[in-house]
Amino acid sequence: GDSVTQTEGLVTLTEGLPVMLNCTYQSTYSPFLFWYVQHLNEAPKLLLKSFTDNKRPEHQGFHATLHKSSSSFHLQKSSAQLSDSALYYCALSGAGYQNFYFGKGTSLTVIP
Amino acid sequence: EAAVTQSPRNKVTVTGGNVTLSCRQTNSHNYMYWYRQDTGHGLRLIHYSYGAGNLQIGDVPDGYKATRTTQEDFFLLLELASPSQTSLYFCASSDPGEDQDTQYFGPGTRLLVL
């Protein structure tokens, strides 16, 4: 069945270092991939999503590239900021809810 | 931007109590969802619906009922609450085919069962 895997549960980084959060997926369809971000005491909200034309989505300095060959959609940022500390979910959408899955989330903590 | 509201924002009840969590979306989305969020488990789907009167079972449905009365309103019912249902509950809405099924979340309801 379809699934999303986020291998890191907790990531701690020093401010200014690059961010990379891993996301791999398994799907019987050609899915759309999403990254959601959830700051403390807030609701999850969309950070970015894959495009149909293979463009690289970017938002707030974050970007992710959908690699169908390796079934991956890793989240990256060149320089971590303290305000990036949050819980990040990778998610997959195929055709309708029946193919919408969230990973278990990666908690990112950025320290001075 | 999609708007999803939830009430109450916080709720305390006792074991065996009866609780109803409410969700309303004002974007004419067909799909609505109830999730619970617990540390170490991420977001887990309880129930969902793709229209008024429709209900579908999610991944962790035990102990929960749901009802979709209108396109806008989706309710989650805990008829005999247990401490294991202490959690943060999120409602979300989406429309397959719109925004590639992007889900929009409400602010959450924090439930404590004593």
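See the structure shown above.
Residues numbered from 1 in each chain as written. Chains lettered and ligands numbered in written order. Predicted model: local features only at pLDDT ≥ 70, side-chain atom pairs only at ≥ 80, totals over all residues. Heavy atoms only, no water.

### Looking at the overall build of chain B
Okay, step 1: Within chain B one finds zero helices and eleven strands.
Okay, step 2: Mapped in sequence order, the helices and strands of chain B form the string β-β-β-β-β-β-β-β-β-β-β.
Okay, step 3: Rg of the C-alpha trace for chain B: 13 Å, near the compact-globule value of 13 Å for 114 residues, within the 12% margin.
Okay, step 4: Counting only C-alpha atoms, chain B reaches 40 × 30 × 25 Å along its principal axes.
Okay, step 5: The burial tally for chain B puts 50% of its 114 residues in the buried class.
Okay, step 6: Expressed as a percentage of contacts within chain B between residues at least 6 apart in sequence, the contacts between residues at least 24 apart total 54%.
Okay, step 7: Carbon and sulfur atoms make up 49% of the accessible area of chain B, which totals about 5100 Å².
Okay, step 8: Averaging the coordinates of the 8 positive side-chain charges in chain B and doing the same for the 11 negative ones gives two points 11 Å apart. (Helix = DSSP H or I, 4+ residues; strand = E, 2+ residues; numbered from the N terminus. Rg over C-alpha atoms; globule rule 2.2 N^0.38 Å. Buried < 20%, exposed > 50% of the residue type's maximum accessible area, 1.4 Å probe, protein only. Contact = heavy atoms within 4.5 Å. Areas by Shrake-Rupley, 256 points an atom, 1.4 Å probe, with all protein chains shown as cover. Lys, Arg positive; Asp, Glu negative; His and termini not counted. Charge placed at Lys NZ, Arg CZ, Asp CG, Glu CD.)

### Concerning the packing of aromatic side chains
To describe a pair of aromatic rings, you give the distance between the ring centres and the angle between the ring planes.
Residues and elements named next belong to chain B.
Okay, step 1: Within this structure, the stated rule accounts for 15 aromatic pairs over all chains.
Okay, step 2: Consider the rings of Y35 and F105, whose centres lie 5.7 Å apart with planes at 40 degrees: the pair is tilted. Placement of the pair is Y35 in strand β4 (residues 31-38) and F105 in strand β10 (residues 104-105), with a sequence separation of 70 residues. Exposure class is identical for Y35 and F105. Each is buried. (Phe/Tyr/Trp six-rings, centres within 6.5 Å; stacked < 30°, edge-to-face > 60°.)

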